[in-house]
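Reading the structure
Each chain is listed here by its residues.
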Amino acid sequence: MTGADTAQVVLRLDRITKRFGALTANDAVSLDLRRGEVVALLGENGAGKTTLMNILFGQYTADEGQVMVMGRALPPGNPRAALEAGVGMVHQHFTLADNLTVLDNVTLGTEPLWRWRSDTAAARAKIAKLSADFHLAVDPDARVGSLTVGERQRVEILKALYREARILILDEPTAVLTPQETDDLFATLREAVAKGLSIVFISHKLHEVMDIAHRVVILHHGKVVAEMATTDTDRHALAAAMVGSEVSAPRVAPGTPGAPLLQLHAVTTPDQGSAPGLKSVTLSLRAGQITGLAGVSGNGQAALADLIAGLSVPASGRLDLGEADLAQWSPRAAVEHGIARIPEDRHKTGTIADFSLTENAILESYHKPPMSRAGWMNWPRAEAETQAIIKGYDIRCPGPDTRIRLLSGGNMQKLILGRVLEANPCIILANQPVRGLDIGAVNYVHEQLLKARDRGAAVLLISEDLDEIMALSDVIHVMSEGRLSPEFARGTMTPAALGVWMAGHGFDEGLAHAS
Amino acid sequence: MDIFDILLSASFWAAAIRIASPLIFATLGELICERAGVLNLGIEGIMVAGAFAGWMAVYSGLGLWPGVAVAMVVGMGFGAVHSLLTVPFGLSQHVVGLGVTLLATSSTYYAYRLALPEVTSPPKIMAFKPWEIPLLSDIPLIGPALFSQTPLTYLAFILVGVVSLVLYRTPLGLALRAAGENPAAVAAQGLSVTGLRMGAVIVGSGLMAVGGAFLTMSAFDSFFFEMVNGRGWICIALVVFGAWKPGKALLGAVLFAAFDALQIRVQQTPLGADIPYQIFLMTPYVLSILALIVMSRRAEVPAALMVAFNKGER
Amino acid sequence: MRLEPIANPSLARSTLPPMLAIVATVVVASLLAMLAGANPFAVLGLILKGAAGSQFAVLETLNRATPLIFTGLAVAVAFRARLWNIGAEAQLYAGALMTVVLGTGVLSWPAAALLPTLVLVSMLAGAVVLLIPALLKVRFGVDEVVTTLLFNFIFLLFISLLLEGPLKDPMGMGWPKSERLIAEARLPRLIEGLRLHWGFALALIAAGLVWLVERRTTLGYEMRAVGLNREAARFAGIPVNAVLIKTALLSGGLAALAGFSEVAGVKGSLTLDLSPGFGYTGIIVAMLALLNPLGVIAAALFVAGIFVGADSMSRAVGVPTYLADIMLATALLLMVLAILLTRFRVVRE
């Protein structure tokens, strides 16, 4: 692979600048990609990686600079031109239509629109060949909604290959995969590179970058701060360059587990469409302990989170919160039983975008004194409370009247933390609490969770990021297809061993392996 | 005459097919819009405008088919207004749809008053005549019911096939359906969501207008206020009832029309004479609501129906 | 093209588009008047004069605005919680129906007892009429847009049935018309000698109360939360379905007051042409008011003014009154666009 240095440049980004209002998302970013080369674009959330790729793909227009593919400038703002020039993109959030088949999704837009028949036979043959050549097994007639996350990603890659892409852009492709699936993906990518394709690999995971890339370009606050060959560097150097300064992650001392505060006994919940429900899940969350829940997204974590958050009830089995009577299990009952709920999607579920900070801060407490009395709101009180949260949680905002839509993701999450932690909850449900946040905010959220644990709260941390789970958790469970693995103590499992469980192995014989 | 006699008479089924025809046009039009992700509540007003435009064109001396074309173009014009506001600007499809209905209805009435200031009863035109299809129209029961209709009815049935074919067998149809399921997927494949959705709404609105024109040019031969009388809203229910599939929507429209034809006949029986006629007139609306209730749990709604797509969203 | 949100809109940004929308509406009306062969300035002048040019004109406009305030509030409240109540017409007739059922002599109470009873019973009837589509929505997920629309047709036929049957006035010479209200059931004049009844005052009070509910009560907070983001509201523990039902009851009740006030304040009996589409016009009123209850008063006056003015203009120069409906439809469409443009800028890409 050393030949890449002298090979032809297939893609050149030339001093790309993109501003959104006052924010400069990309500041004169340049990048070269050669034939048969994998370049990793590394940077933390908000560094400008995705914006840069959207410009390359024609979804945004750059304010300055240009994109050259095979030596020719791409017309700006035209995804079709990018596709036709041989650029294929696999977005972080898949762009697939769930109710259509794999074949439909792959062939969408590849034929001229105005013809009387789609040539499905030829398409089928081509997909079969590509699947074989690149080890991308999928059933072309399957509904995309019924596929696993890993399979959907294969469909996305197939889409690009079907269009004869010469350049593949992968935006955080491993975020949703098990370690084993990641290995498979890397095998496919190496295959592609061997066949002469070139790849831009966007990630913030250092070990993957070291594993797959030839060269690394590091973005920080929209600027290229470093560019190096992976052979000339190591993870520590990359980490330092990526963050811009040394940010120390919180030191995690083991917790001191106490009594179980919340227990599930053989709980089963119905499937929700293609999302599996819980399959006889038994779990106990202990005081003073962080329980990590690992697993590929869409394997029942949502069902578990919904249950604990009060949005669903067990179809069979029992939810046990000490002596509490759970006949009326609802979100409000969950809050009243001291469960702090940090939802997976802070934009859609955690906050109401067009409400002010104050209105968002009282979402769970508006219905009772002191926020309201006999149906009448006490707005001055609500505002005072919000001011306290703004101060206590260091929320950067113009004031409590600001619509929360205008806040950054980190500040939004801090408001949610303030809302749920102010009541000194005994149980904390943290579902993907740091997704999409920059490192500063990530560390802040983690510190808060650890503080709550040390105060004696039971924390359930649900995350797709195995590194996060392994760093923070005192005990770990893995979920797959709605089943829960036995409890693993801190330090007893390697990522690969957890990956076996994430892929759904071990559950049947699981009880024998436990402890 | 008891109900079985009615159900076995050719004239009953001929009436049912006739009543179904305008609903088929308009339902197909709405279905195309919704498959691409846009709810078009302009349907009621667009049908009124189509009914007037086609009739007026013929009254002014144009031929019948050019009259249909005029109705279609007028419908497409209102569709363009609707789609411009709801697709690139992403405004509320509810509000814009109702606004378009009001705009189309009031401009139609205004135009009517301007064109015919003095008349008390609207003039008649030479409407479409039935075409007897040779041989087929001689088949007992089925012949008179299905094959002695006006050409617009045949067109409605042919269009069901055409729309099915386009939606399920062509690249354009795939793109339209994808725009209603996940517009981001369409954009990522280099197609224009805006173009597809606007095109669907414009063409769909054209069909709605033809449905309206059927009333003045085939079912009747004149234009009255209140002539559409909620048929547009019924078509929206029919789209749901038909689970967004042209074939099933056709079935729903015929079924619905058969009930309508039945109630007209039962009204004339001794039994019917004792029941207030308003009860009979209510049945189409009640049936539509019942259909919605029955289908609500099962229907496969296009996932991105009423979801605006803005490619600049971050 | 795409839309980019503006963080801090300038004064021009927030005022210019709505003003342009009004100008454009006037231009459209002028062109249509010219199409009818009339002088557009004369037509606009006559509309203005007919709406506000004399004491009679002003009172006429206020009278016409009264039912529109009620239906506008009904729609505003429902839309605030994103409950698409397009059935204010049916709810209006429900209120009118109860007014004639109880107000034509069944209850021979003094006005001080009878009128409040009629108000409450009317509201209850309107609430029940909207409750059905609301329950269908909550229980079965049936879209309320279509059901409330269809209910308008069903309910009007039901009223027709009653007016030709049990409620028919024996003295009505065959017309489908109810008996007249007894004197105690009539809303008195607001000021002696002026043609303006207490319904107008009731409408203003209703607007004030709705404003209070929206801004100061937990129900109002819940309604706004449910309207803006149902998923987040449910997650937070707000009983979304109960809020939707409560909203439906309030909205239906408000629309019914329009029917009560028209029968008790103006017509004195129920006929099938009681409402020339007040229920549908309420949607325009609510949208022009940006769903703000106090704004509804201003919007209703504006809309009523256009109708009243167009009527009098039409009598004078023969331009069809439908000009008013076209103006309102245009104003509605352009105003929703204008409001969008106060918050977003269009970027060409």
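Scroll up to find the structure this text is about.
Right, let's talk about the interface of chain A and chain B for a bit. Tallying the contact residues gives 24 residues for chain A and 21 residues for chain B. Looking at the side of chain A that touches chain B, the elements that each hand over two or more residues are helix 2 (79-84) and helix 3 (102-107) of chain A. Here the side of chain A that touches chain B gets three residues from one element, more than from any other, and that element is helix 2 of chain A. Taken together, the residues of the side of chain A that touches chain B break down into 11 nonpolar, seven polar and six charged.

This part is about the environment of Lys177(C). All names here are of chain C. Note that Lys 177 resides in the loop between helix 6 (144-164) and helix 7 (198-216). Using a count of 21 C-beta atoms within 10 Å as the deciding quantity, one classes Lys 177 as buried. With 93 residues separating them in the primary sequence, Lys 177 and Leu 270 have C-alpha atoms 5.9 Å apart.

Our next topic: the packing of helix 3 (residues 43-59) of chain B against helix 10 (residues 193-219) of chain B. Residues and elements named next belong to chain B. Between helix 3 and helix 10, the shortest axis-to-axis distance is 6 Å and the interhelical angle comes to 55 degrees. In this view, helix 3 runs oblique relative to helix 10, as classed from their interaxial angle. Considering the relative orientation of helix 3 and helix 10, their crossing is right-handed. For the pair helix 3 and helix 10, contact is made by Ile 43, Ile 46, Met 47, Val 48, Ala 49, Gly 50, Ala 51, Ala 53, Gly 54, Trp 55 and Val 58 and by Ser 205, Met 208, Ala 209, Val 210, Gly 211, Gly 212, Ala 213, Leu 215, Thr 216 and Met 217, respectively. The class makeup of the residues in the contact of helix 3 with helix 10 is 15 nonpolar, six polar and no charged.

Right, let's get into the sheet that holds strand 11 (residues 260-268) of chain A. Residues and elements named next belong to chain A. If you walk across this open sheet you meet the three strands as 12-11-14, and the pairing is antiparallel. Where the open sheet ends on each side, the last strands, each with one partner, are strand 12 (281-286) and strand 14 (316-320). Strand-to-strand twist of the sheet, defined as the mean angle between neighbouring strand axes without regard to direction, takes the value 5 degrees. As defined by bridge partners, strand 11 adjoins strand 12 across five bridges and the pair is classed as antiparallel. Its bridge partner being in strand 12, Leu 262 is matched across the sheet by Leu 285.

Here we take up helix 4 (residues 88-103) of chain C. All names here are of chain C. Between its first and last C-alpha, helix 4 extends 22 Å over 16 residues, near the 22 Å set by a 1.5 Å rise per residue. Across the 16 residues that make up helix 4, a large majority, 14, are buried. Gly 105, located one to two residues past helix 4, shows a positive phi value of around 130 degrees.

Calculation rules
- Residues numbered from 1 in each chain as written.
- Chains lettered and ligands numbered in written order.
- Predicted model: local features only at pLDDT ≥ 70, side-chain atom pairs only at ≥ 80, totals over all residues.
- Contact = placed C-beta atoms within 7 Å.
- Helix = DSSP H or I, 4+ residues; strand = E, 2+ residues; numbered from the N terminus.
- Nonpolar A, V, L, I, M, F, W, Y, C, P; charged D, E, K, R; others polar.
- Buried ≥ 20, exposed ≤ 12 C-beta atoms within 10 Å, placed from the backbone.
- Axes fitted to C-alpha atoms, helices over the stretch in contact; angles between N-to-C directions.
- Parallel < 35°, antiparallel > 145°, perpendicular 65-115°, else oblique.
- Left-handed = near helix turned anticlockwise from the far one by under 90°.
- Pairing = 2+ DSSP bridges.
- Expected span 1.5 Å × (residues − 1).

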